[in-house]
Amino acid sequence: MTTPPPPLPLAISLGDPAGVGPELIAAAWALSDAEGLPPFFAVGNRDLIEAAARSRGLTMEVVAIAAPDEAAAVFPHALPVLDVGSAPYTPGQPDDAGAALALRALEVATSLVKQGAAAALVTGPIAKSRLARIGFNQPGQTEFVAEACGITPENAVMMLAGPSLRVVPITVHVALHDVPGLLTAELIRSRSAIAATALARDFGVPAPRLAVAALNPHAGEDGRMGSEDRDVIAPAIAALQAAGIDARGPLPADTMFHAEARATYDAAICMYHDQALIPIKVLDFDEGVNVTLGLPIIRTSPDHGTAFGIAGTGTARPGATIAAIRMAGECAARRMAAG
């Protein structure tokens, strides 16, 4: 059954204006009827997004709005944009002015969703190094949104979701040699529990099944290839099971991601970044969505970066942006329906 759209439009932050974000927002609107997307509005700059649309050869109207409640009436015939600043459209050439616009768009879009003026937040890709140059002190947008919502970093959980697979990395942007020392039974338990709650509440999975990956080859072979699977991961799984969550493992990661194995679970809990992201990018590269779980709002993002090298060439594919918009709308509608 198709999930009805949420009653409010979605807010999409611009991302870095020198990247592919602006043109992919325009491309998503151009395909919104064909893709059945819910109404949304961009937060950024109208003239810049119109220029980005022209760079793709899109003939479409882009209309400035003064408030989110104007978006629904505009959306059927034009892309609504809430202007929050300006910067030149120079695809492939990031600068501080563009970073400032990206940050302002993120701040405003997040605030509007928190206030209930928009149903969900979709964030365009940013260049973290550029934002750092202008004083952005968060590791990324996930941490920014979590702090804005009053959620501690350890309770904001990244899920990468696509048509074939959902994965949750327990540790994310850390060096591989640091991973074993960061893993604790409580960290694995708490992040897995947050994932299970989100699957039930926002993804319509009434009894979520979690497959928990081992850290070491062959799940450590009872300590012969590392003790973490026996001493850290297995107790976390036992705690999840005691709480009534269908979790199993630790499972050797090399046999978790073929089609037959994927049919047995709703999300894979992985111990480190590449263990999670390699399989989903192999399977769902053009439709992968980054979802932040554990927040009081819905936040998604296309699972790709700014792609400065192809910005403005018209070759960037809009699939992940479309998927992020669709998923945000579906999650928001389910959450609102549940009250």
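Everything below is about the structure printed above this text.
This section reports on the structure supplied with the text. This is a predicted model, so every value here is computed, not measured. (Residues numbered from 1 in each chain as written. Predicted model: local features only at pLDDT ≥ 70, side-chain atom pairs only at ≥ 80, totals over all residues. Heavy atoms only, no water.)

Let us now look at the overall build of the protein. Per the secondary structure count, the protein includes 13 helices and twelve strands. On C-alpha atoms alone, the protein measures out to a radius of gyration of 20 Å, which is about the 20 Å that the 2.2 N^0.38 rule sets for 339 residues. For the protein, the C-alpha atoms occupy an extent of roughly 60 × 40 × 35 Å along the three principal directions. Counting every position in the protein, which comprises 339 residues, the buried fraction comes to 53%. Taking the contacts inside the protein whose residues are at least 6 apart along the sequence as the reference set, 74% of them involve residues at least 24 apart. Summing over all exposed atoms, the protein offers an accessible surface of approximately 13,800 Å²; the carbon and sulfur share of this is 54%. Taken together, the 23 basic and 34 acidic charged side chains of the protein have centroids lying 1 Å from each other. (Helix = DSSP H or I, 4+ residues; strand = E, 2+ residues; numbered from the N terminus. Rg over C-alpha atoms; globule rule 2.2 N^0.38 Å. Buried < 20%, exposed > 50% of the residue type's maximum accessible area, 1.4 Å probe, protein only. Contact = heavy atoms within 4.5 Å. Areas by Shrake-Rupley, 256 points an atom, 1.4 Å probe, with all protein chains shown as cover. Lys, Arg positive; Asp, Glu negative; His and termini not counted. Charge placed at Lys NZ, Arg CZ, Asp CG, Glu CD.)

Attention now goes to the pairing of strand S10 (residues 267-270). Burial of S10 is two-sided: the residues Ala267 and Ile269 facing one way and the residues Ala268 and Cys270 facing the other way are all buried. With three bridges connecting them, strand S7 (residues 166-169) and S10 associate as parallel partners. Across the sheet, Val168 pairs through a bridge with Ile269, a residue of S10. With three bridges joining them, strand S8 (residues 209-213) and S10 adopt parallel strand pairing. Pairing of Ala211 across the sheet is with Ala268, part of S10. (Pairing = 2+ DSSP bridges.)

Across the sheet, which stays open at both edges, the twelve strands sit in the order S3-S4-S2-S1-S5-S12-S11-S6-S7-S10-S8-S9 with mixed pairing between neighbours. Each having just a single partner strand, strand S3 (62-65) and strand S9 (246-251) make up the two edges of the open sheet. Across the sheet, the mean angle separating the axes of adjacent strands is 25 degrees when strand polarity is ignored. Looking at chain direction, strand S1 (residues 10-13) and strand S5 (residues 121-123) are connected through three bridges and run parallel. Residue pairing for S5: Ser13 is matched across the bridge by Thr123. On top of the sheet, helix H3 (residues 46-55) reaches strand S2 (40-44), S3 and strand S4 (79-83); it is set at about 165 degrees to S3, its chief contact. Contacting S8 and S9, helix H10 (residues 228-242) crosses the sheet at an angle of about 170 degrees to S9. (Axes fitted to C-alpha atoms, helices over the stretch in contact; angles between N-to-C directions.)

Enumeration according to the criterion identifies two aromatic pairs in this entry. Note on Phe40 and Phe75: the rings are 5.0 Å apart at their centroids and 65 degrees apart in plane angle, and the pair reads as edge-to-face. Placement of the pair is Phe40 in strand S2 and Phe75 in the loop between helix H4 (71-74) and S4, with a sequence separation of 35 residues. Considered together, Phe40 and Phe75 belong to a single accessibility category, that of buried residues. (Phe/Tyr/Trp six-rings, centres within 6.5 Å; stacked < 30°, edge-to-face > 60°.)

Further remarks concern the packing of helix H5 (residues 96-115) against helix H7 (residues 141-148). In the contact formed by H5 and H7, the axes pass within 11 Å of each other and the chain directions differ by 40 degrees. Considering the angle they form, H5 stands oblique to H7. Here the hand of the crossing between H5 and H7 comes out right-handed. Contact with H5, carried on its side by Leu106, Glu107, Thr110 and Lys114, involves Gln141, Phe144, Val145 and Ala148 of H7 and no other residues of that element. For the contact of H5 with H7, the residue count by class is four nonpolar, two polar and two charged. (Parallel < 35°, antiparallel > 145°, perpendicular 65-115°, else oblique. Left-handed = near helix turned anticlockwise from the far one by under 90°. Nonpolar A, V, L, I, M, F, W, Y, C, P; charged D, E, K, R; others polar.)

Purely geometric stuff here, so don't read any function into it on its own.
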